[in-house]
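Overview (structure and organization)
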Amino acid sequence: MPMPHHLSSKDFQCPNLQLLRSTRAASRIRMEATAAPTAPRNSTLEISIKKPEPVFVSSRPRQSSNLRDPETTMRDRVEVIDSMSDWAVKSLLPLLKPVEKCWQPQDFLPDSSSPTFYDEVLELQKRVSSLPDDHLVCLIGDMITEEALPTYQTMFNTFKGVRDESGCSDTPWAVWIRAWTAEENRHGELLNKYLYLSGRVNMTMVERTTQYLIGSGMEPQIDNDPYNGFIYTSFQERATFISHGNTARHAKEYGDLKLATVCGIIASDEKRHEIAYTRIVGRLFEIDPNGVMLAFQEMMKKKITMPAHLMTDGENTNLFRDYAVIAQDCKVYTSKDYTDIMEHLIQTWKVESLTGLSSEAQQAQDYVCGLVQRFRKLEQRAQKKAKPLHSAASASQFSWILKSGKPTI
C-alpha cells in the first residue's frame, strides 16, 4: 500500500543494477503517512501439526532489551515464539479458510468457455471506462503490490523462530505462512485479470513493474526479529484492508459495482489476516510486555515502510512516490490512515493501560502513546504544503495507463 509522500549479491544478476540502486536510493526517504503440505489439491485444508518439545519460558520479569546483548534478546524472543506453538494451533490457524470455502478469481470474471464471453468482456470494459485515470492508477498500484507476493513470503521466512525451515514444515508457523500466501495469491490474480480485460492498461509496463519490484525486494527493517515482524504485518494488513476498502467505495461511486465487490472481498481477506497478526502481538504482550513494548517503539521510530517502496517501471525511479501522491489525493490511502492505524493498534493492544513495565519499557510506552497527537499535528501542517507537491504527479504520466483512451475488443 502506498505511503503518502509528504510526511516525513553477488549471486543476484540484476539486469539493470544502476536502476535498482537509484530506485533504492529514492525509496530511502522515509515517509510517515501504507496448504498444508499433506492436503490434497482439491480438498479441505487438513492441518497436521508437529508440536515441538515443550519450551520453558521463565516467569520472571524479562530484563530490558537494551541492557543485554542483542543475541540474548533474540534468543529470549525466539523462546517465547516457540512456547506459543499450541496457542497458534488453537487461536491462529482457525482463521485460515478451507480451500473449498474460499472464493476464487474466476468467480468474478467472464467465463472464457461461455458463448457470452465477449459480451461479458464488453460489459466489463463499459463499467471500467467510467473510472477516472487517477483511481485506475491506485487500483494498478494495489494490484502490483499484491503481485509481489513472493517477496512477502520471503520476508516471513526471515523471522527467527517462525520461518519455514524445510519448505514444507508442519509447525503451525510454517503452515500459517504457506496458507496465508495461498490465500493472498488470489488477490493479485483477480485484479490482474480484471485490469487486463478492462482494455485500459498497458500490461507490458505493469508486468515489467511487477518483475522489477519482485527482483528489488523490500526493506521493512525487521532485522529477523519475530516481534518486529508481527508488529509490521499487523500494521500492513490493516493498511491493505483500508486501501482496498476505499477503492471498493470509489468503484461503487463511479458505477462499477462488480469492481466494488472484487475490492470488497479482497479487503475482507485482509481484515481477517489483520486480526490474525494483531492477535499474535496481543498474545506476545501477555507473555513479554517489556520486550514487545520496546519492539513497538523500535518499529514506530523506523517508520513502517510500505511493501512496494522499491517500485519502478524501468523508467521512473520515483514511481512509488508518484503513486503514493495519487493515492493520497484520491483518499485511497492517506497520512491520516497511517495515524489512524497507529491509534487503532495502540487501542487494540491496550498499550496505554499496561502496568508493571520496566523503566525502559515505560519510556517506550510514553513515546508510542504520544505519537498519535504528534502525527495529527504533522498532518495539519502537511495539508498546507500538499498542493504544490501533488500537482507534480499526474495519472497521465504513468506508463501503466494506455494513452489511446477507450478500450476496444
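Computed from a predicted structure; not experimentally measured.

**Here's the deal with the packing of helix α5 (residues 133-147) against helix α9 (residues 226-253)**
- Where α5 meets α9, the axes come as close as 11 Å, and the angle between the chain directions of the two elements is 145°. The interaxial crossing formed by α5 with α9 has left-handed handedness. Seen from α5, the contacting residues are His135, Leu139, Asp142 and Glu146; seen from α9, they are Thr240, Ser243, His244, Thr247 and His250.
- Of the residues assigned to the contact of α5 with α9, the class counts are one nonpolar, six polar and two charged.

**Description of the UniProt feature "binding site: Fe cation 1" (unreviewed entry) in the chain**
- Within this numbering scheme, the UniProt entry marks Glu146, Glu184, His187 and Glu270 as carrying the feature "binding site: Fe cation 1" (unreviewed entry). Of the residues just listed, which span 125 residues, no C-alpha pair is farther apart than 11.2 Å, and they cluster in one region. When only the residues just named are considered, the largest cavity is lined by Glu146, Glu184 and Glu270.
- Within the element layout of this structure, Glu184 appears in helix α7 (residues 172-198).
- Relative to the helices and strands, Glu270 resides in helix α10 (residues 257-287).
- When residues no more than four places from it in sequence are discounted, the contact partners of Glu270 are Glu146, Glu184, His187, Glu237, Thr240, Phe241 and His244.

**Here's the deal with the pattern of salt bridges**
- One pass over the full model with this rule turns up 18 salt bridges.
- The closest approach of N and O atoms between Glu286 and Arg283, which form a salt bridge, is 2.7 Å. Taken together, the positions of Glu286 and Arg283, both in helix α10 and three residues apart, correspond to about one turn of that helix.
- Note that Arg376 and Asp340 form a salt bridge whose closest N and O atoms lie 2.7 Å from each other. Of the two residues, Arg376 is situated in helix α15 (residues 371-390) and Asp340 in helix α13 (residues 335-348); the sequence distance between them amounts to 36 residues.
- According to the relative accessible area criterion, Asp340 is partly exposed, its value standing at 22%.
- Linked through salt bridges whose partners overlap, the residues forming this network are Lys336, Asp340, Glu343, Arg376 and Glu379.

Conventions we followed
- Residues numbered from 1 in each chain as written.
- Predicted model: local features only at pLDDT ≥ 70, side-chain atom pairs only at ≥ 80, totals over all residues.
- Heavy atoms only, no water.
- Axes fitted to C-alpha atoms, helices over the stretch in contact; angles between N-to-C directions.
- Helix = DSSP H or I, 4+ residues; strand = E, 2+ residues; numbered from the N terminus.
- Left-handed = near helix turned anticlockwise from the far one by under 90°.
- Contact = heavy atoms within 4.5 Å.
- Nonpolar A, V, L, I, M, F, W, Y, C, P; charged D, E, K, R; others polar.
- UniProt positions renumbered as here; feature names shortened; annotations may be inferred.
- 1 Å grid on protein atoms, 1.4 Å probe; cavity = no way out; pocket = protein on both sides within 12 Å on 5 of 7 lines; lining within 4 Å.
- Salt bridge = Lys/Arg side-chain N within 4 Å of Asp/Glu carboxyl O.
- Buried < 20%, exposed > 50% of the residue type's maximum accessible area, 1.4 Å probe, protein only.

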